[in-house]
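Reading the structure
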Amino acid sequence: MEPTRKNKNTIRLILWSVIAIGFGIAFSGLVVHTVTNFKSGEEPGVVRQNLTAKALALADKVKDWSKIGRTSASGTIGDINFDGIALAPQAAYHLKDKELLPKVGALAYYVGDASTGQKIIGKNEDQVLPIASVTKLMTTLVSLEEIDQNETAKVSAKAINTNGYSGALSQGEKIKIGDLNFPILLVSSNDATEVVAEHVGREKFMGLMNKWAKDIGMEKTNYKDPSGLSADNYSTAEDLFKLASYLFTKHKTVFNISGLDRYTLNGHTWLNANPFSRRDDYLGGKTGYTDRAKRTGVAIFSTEFEGYDPRPIAITLLKTDDRTRDINNILEYLKTNVYYSYDEKIAAAEGAEVTLGFVGDMMLDRGVETSVIKNFGGNYSKIFSEVKTLEDDDI
């Protein structure tokens, strides 16, 4: 079939991009050598070295919540300055056996890298289901984004009478908004969520929860209350992954708190109800349960892949009868059937697998890759269809 003018223009654009990248790589050896071992670059908050102790030390010093706010994912591979080279090496997750999946009883789940947003595996990830107390992750996000954490809230009788888990708060008690994050995330305190919502007006707060859900791309999510008691609090496994990823990159405080074993403040001691908080590789998260939602959960684990520093892997589960078994099976699956690599394998025209490699394990700019997928069905050889000496080569 004769290429259309649009395809010819696209070919020229991609070809010149590839040529430019090639020359850039050829003359940037010194630059490449200054970037040491991409595979072992440490990312803040990824490697858990006595994280509970670190988080506890951090939490004990939280007197001024204005110092604890949005954090950034600085230090990630995408932040490296390549001095004008529009390339950012991006490792990818690969399955050793693509037909093999973990034994998971959850109706829906999603597994991906919380730092990069890359998906690894999933099942029914776009199915809308009730989420129970996983709701409280959004409650905390809105609190951190919209309310001065140093403001003092007063505990009302209505908040105290909220059904479900209690943070042992007292009617009339005054407590900092920031300090309410501890009972919300550690003991899943329903009364504490109501105190936060009432502080700015419950209706307004619920509007903010749904607004933030849309703002971060949670298109199939709805919140009816700040605790998760309502069956009208629903989402998908994929949407919850987006939430976890956003919190991990912008508000690591949430995971530092939810990774604690316990926290004591003004006569209160809140023990972490999440059994995974005893694990060294657990970075934080939130669990939930109602009769309708069954067991739900969002958790991030520091997960090792051969040859690389541990990665922050987020697991979201909806409607399971055995959350612990499901998560353990997924973690074992990641260990035995998933590898992390900078090499990208593509299918050759003859059906054989080849490795597309560039000097220094660099890959094509993702804009070029996207264009190839969109215009040529992922067939890189079509880029060079009018340049026979390249088209005929093994690319």
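Residues numbered from 1 in each chain as written. Predicted model: local features only at pLDDT ≥ 70, side-chain atom pairs only at ≥ 80, totals over all residues. Heavy atoms only, no water.

Relative to the helices and strands, Leu334 resides in helix 11 (residues 323–337). Sequence-wise, Leu334 and Phe305 are 29 residues apart; in three dimensions their C-alpha atoms are separated by 8.4 Å. For Leu334, the contacting residues outside a window of four places in its chain are Val111, Ile120, Thr303, Phe305 and Ile313. (Helix = DSSP H or I, 4+ residues; strand = E, 2+ residues; numbered from the N terminus. Contact = heavy atoms within 4.5 Å.)

All right, on to the nonpolar core then. Met138, Leu141, Leu180, Tyr223, Leu243 and Trp270 are the most contacted members of the largest nonpolar core, which totals 57 residues. The element that contributes the greatest number of residues to this core is helix 9 (residues 237–250), accounting for eight residues. Those residues within four positions of Leu180 in sequence are excluded, and the remaining contacts are Leu169, Ile175, Ala192, Val195 and Val196. Core analysis: the next-biggest nonpolar cluster, separate from the first, contains 25 residues, Tyr308, Ile327, Ile330 and Leu331 among them. (Core = buried A, V, L, I, M, F, W, Y, C linked by side-chain atoms within 4.5 Å. Buried < 20%, exposed > 50% of the residue type's maximum accessible area, 1.4 Å probe, protein only.)

Further remarks concern the packing of aromatic side chains. According to the stated counting rule, one finds 11 aromatic pairs in the structure shown. For the pair Tyr93 and Phe305, a centre-to-centre distance of 5.4 Å together with 70 degrees between the ring planes defines the contact as edge-to-face. With Tyr93 in strand 1 (residues 92–95) and Phe305 in strand 11 (residues 294–305), this residue pair connects regions lying 212 residues apart in the sequence. Classification of Tyr93 as buried rests on a relative accessible area of 12%. Classification of Phe305 by relative accessible area gives buried; the value is 4%. Ring centres of Tyr308 and Tyr340 lie 4.9 Å apart, and the angle between their planes is 75 degrees; this geometry places the pair in the edge-to-face category. In this pair, Tyr308 sits in strand 12 (residues 308–320) while Tyr340 sits in strand 13 (residues 338–341), placing the two residues 32 residues apart along the sequence. (Phe/Tyr/Trp six-rings, centres within 6.5 Å; stacked < 30°, edge-to-face > 60°.)

Take it as geometry only, folks, not as evidence of what the structure does.
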